[in-house]
Amino acid sequence: MIVMPSGCTGWIWHSLARETGRIGHLYSPTHQRGPWPWFPYALDNGAFGCWDPDTNVFDYEKWNTREDDWKRLLFWAQAAAIKPLWAIVPDVPGNAKETILRWSKYAGEIKASGIPLAVAVQDGMTVSDIESLNPRYDVICVGGTTEWKWQTVEQWAKAGRCHLLRCSDPEKLDYLQSLGVESCDSTA
């Protein structure tokens, strides 16, 4: 399993990545670096920063100011010699219905770039909800509220290639690996 600690690109992280093959990066818009051959990476979309998890409210105006940064990140990855593992299609954290609607709006842009598609599953989503997505996803990123994410991670791991968003508990890494989760990320 690959752990993707956000923003960690100092020499110790380079050393760990090269020696273990288990460290990578999940780049958010305006925070990309490299890429380097020993650091596998994937693309986030920046939507999490527009969401208030306490109230489960998404700030669409804030997203509108960040959408161009997301498009620049996508362009950066297309031009890079080392391609990303996948890119998360813009979603609405904590909101299944809005996330599915956004899939229709944004997935084609990522698909056209040749980057594998990742769907960020949210509270209330089921495997059957994502099976009907067009274009089809390549990776399932388990997001949503913390409680829902941990309650449903096993079903998502059984459904396909799986990444767990926001895993800040190192003691959960063995558990995730035992489920077959491919990767996870953290802020540190």
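Residues numbered from 1 in each chain as written. Predicted model: local features only at pLDDT ≥ 70, side-chain atom pairs only at ≥ 80, totals over all residues. Heavy atoms only, no water.

Participant: A description of unusual backbone geometry should follow, citing residues and the corresponding values.
Facilitator: Gly34 connects to Pro35 through a cis peptide bond whose omega is 0°. Structurally, the position occupied by Pro35 is in the loop between β2 (25-27) and β3 (41-43). Cis geometry marks the peptide bond from Asn134 to Pro135, where omega comes out at 5°. Even without being a glycine, Thr30 presents a positive backbone phi close to 75°. Summarising the element assignment, Thr30 is placed in the loop between β2 and β3. At Asn56, a position not held by glycine, the phi torsion is positive, near 55°. (Helix = DSSP H or I, 4+ residues; strand = E, 2+ residues; numbered from the N terminus.)

Participant: Lay out the nonpolar core with the relevant residues and their values.
Facilitator: Counting 44 residues, the largest nonpolar core has Leu43, Val121, Ile130, Trp156 and Leu176 as the members making the most contacts within it. Of all the secondary-structure elements, those providing two or more residues to this core are β3, α2 (60-79), α3 (96-113), β7 (117-121), β8 (139-142), α5 (146-159) and β9 (162-164). Listed in part, the 11 residues of the second largest apolar core include Leu26, Ala118, Cys141 and Leu165. (Core = buried A, V, L, I, M, F, W, Y, C linked by side-chain atoms within 4.5 Å. Buried < 20%, exposed > 50% of the residue type's maximum accessible area, 1.4 Å probe, protein only.)

Participant: Before we move on, can you summarise the pairing of β7 with the specific residues and values?
Facilitator: In terms of residue burial, β7 counts as a mostly covered element, since 5 of its 5 residues are buried. Burial along β7 is two-sided: the residues Leu117, Val119 and Val121 and Ala118 and Ala120 are all buried. Of the pairings in the sheet, the one linking strand β6 (residues 87-88) to β7 comprises 2 bridges and is parallel in character. Bridge pairing links Ile88 to Ala118 in β7. The parallel pair β6 and β7, bridged by α3, forms a crossover whose chirality is right-handed. Bridge count for β7 against β8 is 4 bridges, and the pairing is parallel. (Pairing = 2+ DSSP bridges. Right-handed = clockwise from strand over helix to strand, strands pointing away.)

Participant: Account for a nonpolar patch on the surface, with residues named and values stated.
Facilitator: Taken together, the side chains of Trp11, Ile12 and Leu16 define a hydrophobic patch exposed on the protein surface, amounting to about 340 Å² of accessible area. Within the fold, Trp11 resides in helix α1 (residues 11-20). Taking relative accessible area as the criterion, Trp11 reaches 67% and is therefore assigned exposed. (Patch = residues over 30% accessible without salt bridge, like charges linked within 9 Å, V, L, I, M, F, W, Y side chains within 5 Å. Areas by Shrake-Rupley, 256 points an atom, 1.4 Å probe, with all protein chains shown as cover. Salt bridge = Lys/Arg side-chain N within 4 Å of Asp/Glu carboxyl O.)

Participant: Now, about the pattern of salt bridges: what can you tell me, with residues and values included?
Facilitator: Under the counting rule described, the total for this entry stands at 4 salt bridges. Note that Lys71 is salt-bridged to Glu67, the shortest N-O span being 3.8 Å. Of this pair, Lys71 and Glu67 both sit in helix α2, separated by 4 residues, roughly a single helical turn. Among the ionic pairs, Glu182 bridges to Arg161, the shortest N-O distance being 2.9 Å. A residue pair is termed long-range when its members are at least 10 positions apart, and Glu182 in the loop between α6 (173-179) and β10 (183-186) and Arg161 in the loop between α5 and β9 qualify at 21 residues. Since its relative accessible area comes to 28%, Glu182 is described here as partly exposed.

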